[in-house]
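Below are the chains, spelled out letter by letter.
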Amino acid sequence: MFPIDSIKTRMQVFATSPAAVYTGIGNAFTRISSTEGMRALWRGVSSVILGAGPAHAVHFGTYEAVKELAGGNAAGNQWLATSMAGASATIASDALMNPFDVIKQRMQVHQSEFRSVFTAMRVVYQTEGLAAFYISYPTTLTMSVPFTAVQFTVYEHIKKFLNPTHEYSPVTHMIAGGVAGGVAAGVTTPLDVAKTLLQTRGTARDPEIRRVNGMVEAISIIWKRDGFKGFGRGMSPRVLTHMPSNALCWLSYEFFKVAIREQ
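Calculation criteria
- Residues numbered from 1 in each chain as written.
- Predicted model: local features only at pLDDT ≥ 70, side-chain atom pairs only at ≥ 80, totals over all residues.
- Heavy atoms only, no water.
- Helix = DSSP H or I, 4+ residues; strand = E, 2+ residues; numbered from the N terminus.
- Rg over C-alpha atoms; globule rule 2.2 N^0.38 Å.
- Buried < 20%, exposed > 50% of the residue type's maximum accessible area, 1.4 Å probe, protein only.
- Areas by Shrake-Rupley, 256 points an atom, 1.4 Å probe, with all protein chains shown as cover.
- Lys, Arg positive; Asp, Glu negative; His and termini not counted.
- Charge placed at Lys NZ, Arg CZ, Asp CG, Glu CD.
- Core = buried A, V, L, I, M, F, W, Y, C linked by side-chain atoms within 4.5 Å.
- Contact = heavy atoms within 4.5 Å.
- Salt bridge = Lys/Arg side-chain N within 4 Å of Asp/Glu carboxyl O.
- Expected span 1.5 Å × (residues − 1).
- Phe/Tyr/Trp six-rings, centres within 6.5 Å; stacked < 30°, edge-to-face > 60°.
- Lys NZ or Arg CZ within 6 Å of the ring centre and 35° of its normal.
- 1 Å grid on protein atoms, 1.4 Å probe; cavity = no way out; pocket = protein on both sides within 12 Å on 5 of 7 lines; lining within 4 Å.
- Points joined across faces, edges and corners; volume = space filled by probe spheres on them.
- Nonpolar A, V, L, I, M, F, W, Y, C, P; charged D, E, K, R; others polar.
- Polar contact = N/O pair within 3.5 Å; in protein donor to acceptor, adjacent residues only side chain to side chain.

## Examining the overall build of the protein chain
Thinking step 1. Helix and strand content of the protein chain: 11 helices and 0 strands.
Thinking step 2. Taken from the N to the C terminus, the helices and strands of the protein chain come in the order α-α-α-α-α-α-α-α-α-α-α.
Thinking step 3. Computed over C-alpha atoms, the radius of gyration of the protein chain comes to 19 Å, within 12% of the 18 Å expected from 2.2 N^0.38 for 263 residues, which places it in the range of a compact globule.
Thinking step 4. Sorting the 263 residues of the protein chain into buried and exposed places 49% on the buried side.
Thinking step 5. Per element, the accessible surface of the protein chain, about 12,700 Å² overall, is 66% carbon and sulfur.
Thinking step 6. If the 24 positive side-chain charges of the protein chain are averaged to one point and the 17 negative ones to another, these points end up 8 Å apart.

## Regarding the nonpolar core
Thinking step 1. Membership of the largest hydrophobic core comes to 13 residues, with the highest contact counts inside it found for Leu197, Ile209, Val212, Ala218 and Ile222.
Thinking step 2. Within the residue set of this core, elements represented by two or more residues are helix 8 (189-199) and helix 10 (215-226).
Thinking step 3. With near-sequence residues (within four places) excluded, Leu197 lies in contact with Phe14, Ile209, Val212, Ala218, Ile221 and Ile222.
Thinking step 4. Judged by nonpolar contacts, the second largest core, of 11 residues, contains Tyr63, Val66, Ala89 and Trp250.

## Section: the pattern of salt bridges
Thinking step 1. For the structure on display, the rule yields 18 salt bridges.
Thinking step 2. Where Arg43 meets Glu36, a salt bridge forms, and the shortest distance between an N and an O atom there is 3.8 Å.
Thinking step 3. Overall, Glu36 belongs to the partly exposed group, its relative accessible area being 24%.
Thinking step 4. Between Arg225 and Glu208 there is a salt bridge, and its shortest N-O distance comes to 2.7 Å. Separated by 17 residues along the polypeptide, Arg225 in helix 10 and Glu208 in helix 9 (residues 207-210) bring together distant segments of the chain.
Thinking step 5. Accessibility expressed as a relative area gives 33% for Arg225, which makes it partly exposed.

## A look at helix 10
Thinking step 1. The end-to-end C-alpha separation of helix 10 is 16 Å, in line with the 16 Å expected for 12 residues at 1.5 Å each.
Thinking step 2. Each element contacted by the buried residues of helix 10 is listed here: helix 8 and helix 9.

## Overview of the packing of aromatic side chains
Thinking step 1. The final tally for this structure, using the stated rule, is 11 aromatic pairs.
Thinking step 2. A centroid spacing of 5.0 Å and a plane angle of 80 degrees characterise the contact between Phe152 and Trp250, whose relative ring orientation is edge-to-face. Of this pair, Phe152 sits in helix 6 (residues 137-162) while Trp250 is found in helix 11 (residues 235-262), placing the two residues 98 residues apart along the sequence.
Thinking step 3. Residue class for Phe152 comes out buried when judged on its relative accessible area of 1%.
Thinking step 4. Consider the rings of Phe255 and Phe256, whose centres lie 5.2 Å apart with planes at 80 degrees: the pair is edge-to-face.
Thinking step 5. Taken together, the ring pairs connect Phe60, Tyr63, Phe152, Tyr155, Trp250 and Tyr253 into an aromatic cluster.
Thinking step 6. The positively charged end of Arg233 is found above the aromatic ring belonging to Phe14, 4.0 Å away from the centroid.

## Let's talk about the layout of surface pockets
Thinking step 1. As a volume, the largest pocket reaches approximately 1,200 Å³.
Thinking step 2. As for the largest pocket, its lining consists of 37 residues, and the residues nearest its centre are His56, Met97, His242, Ser245 and Asn246.
Thinking step 3. Those elements that place two or more of their residues in the lining of the largest pocket are helix 1 (2-12), helix 3 (45-69), helix 4 (79-108), helix 6, helix 8 and helix 11.
Thinking step 4. The biggest single contributor to the lining of the largest pocket is helix 11, with 10 residues.
Thinking step 5. In the lining of the largest pocket, the residues fall into 16 nonpolar, 13 polar and 8 charged.
Thinking step 6. In this structure, the second largest pocket occupies an estimated 560 Å³ of space.
Thinking step 7. Along the wall of the second largest pocket there are 30 residues; nearest its centre are Val109, His110, Thr203, Ala204 and Arg205.
Thinking step 8. Only helix 1, helix 5 (117-128), helix 8 and helix 9 provide two or more residues apiece to the lining of the second largest pocket.

## Quick notes on the side chain of Thr241
Thinking step 1. Here Thr241 lies in helix 11.
Thinking step 2. Residue Thr241 is classed as buried on the basis of its relative accessible area, which comes to 11%.
Thinking step 3. At a separation of 2.7 Å, a polar atom in the side chain of Thr241 contacts the main-chain carbonyl oxygen of Pro237.
Thinking step 4. Setting aside chain neighbours within four positions, we find Thr241 in contact with Met1, Ile4 and Asp5.

Pasting the structure below:
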């Protein structure tokens with residue numbers, strides 16, 4: 001699903017070139033692949049590969065530890081403990097993943113100068129400093145904490161509804177994970193637009209965007225330039241990306257959890 005994520009980034013960026021303005025997923029896919037080649041849709045995937053494994057390990061490790069500590073494994077609907085565990089997991093994993101996400105989006109934008117993760121890291125650090133890798137971290141947390149809280153809460157509710165016996169059920173885990181990911185992605189899209197603006201500010205030609213220095217300023221620019229609809233930029237590819245990826249993520253997580261317990 002990475003090409004869809006690349007399209008999401010392109011749709012969220014306030015582009016000055018007409019060649020970088022897209023009307024939808026199909027339009028973006030056709031134009032990017034025909035003018036830049038299919039490989040352009042995969043730029044930045046190496047950054048995700050480098051950061052995703054360690055970040056997911058931290059995420060689920062923190063989730064299980066906090067859930068157990070808060071009593072989330074007790075009988076009954078422990079939604080508060082589940083939400084707390086999900087939020088804590090996000091705070092920890094995003095601290096690790098944020099720099100990789102910045103580099104990913106710098107490589108995804110239209111006419112990106114970067115083809116290598118390490119070259120991108122070096123250039124961004126030399127020209128913008130360490131702060132460039134974390135300028136969006138407060139926004140990422142502001143987005144990711146409710147995203148994860150919604151995701152885990154919806155997942156647990158659907159899982160219990162579809163599988164009241166709590167037995168390992170791949171179909172249940174995929175359905176619950178996919179729906180939970182889609183709902184959480186849609187709800188938090190406005191903040192994701194602000195995050196993208198912050199993470200790609202160094203590639204912008206617009207001086208106002210290049211100077212943006214936080215979530216409030218980013219939201220103000222989005223509202224001033226595109227109104228309410230600006231906060232929905234890239235919602236459809238964002239939801240489309242998260243549904244299958246979350247379904248597979250939860251399926252894998254539940255499988256290995258059962259496998260470890262049975263040993």
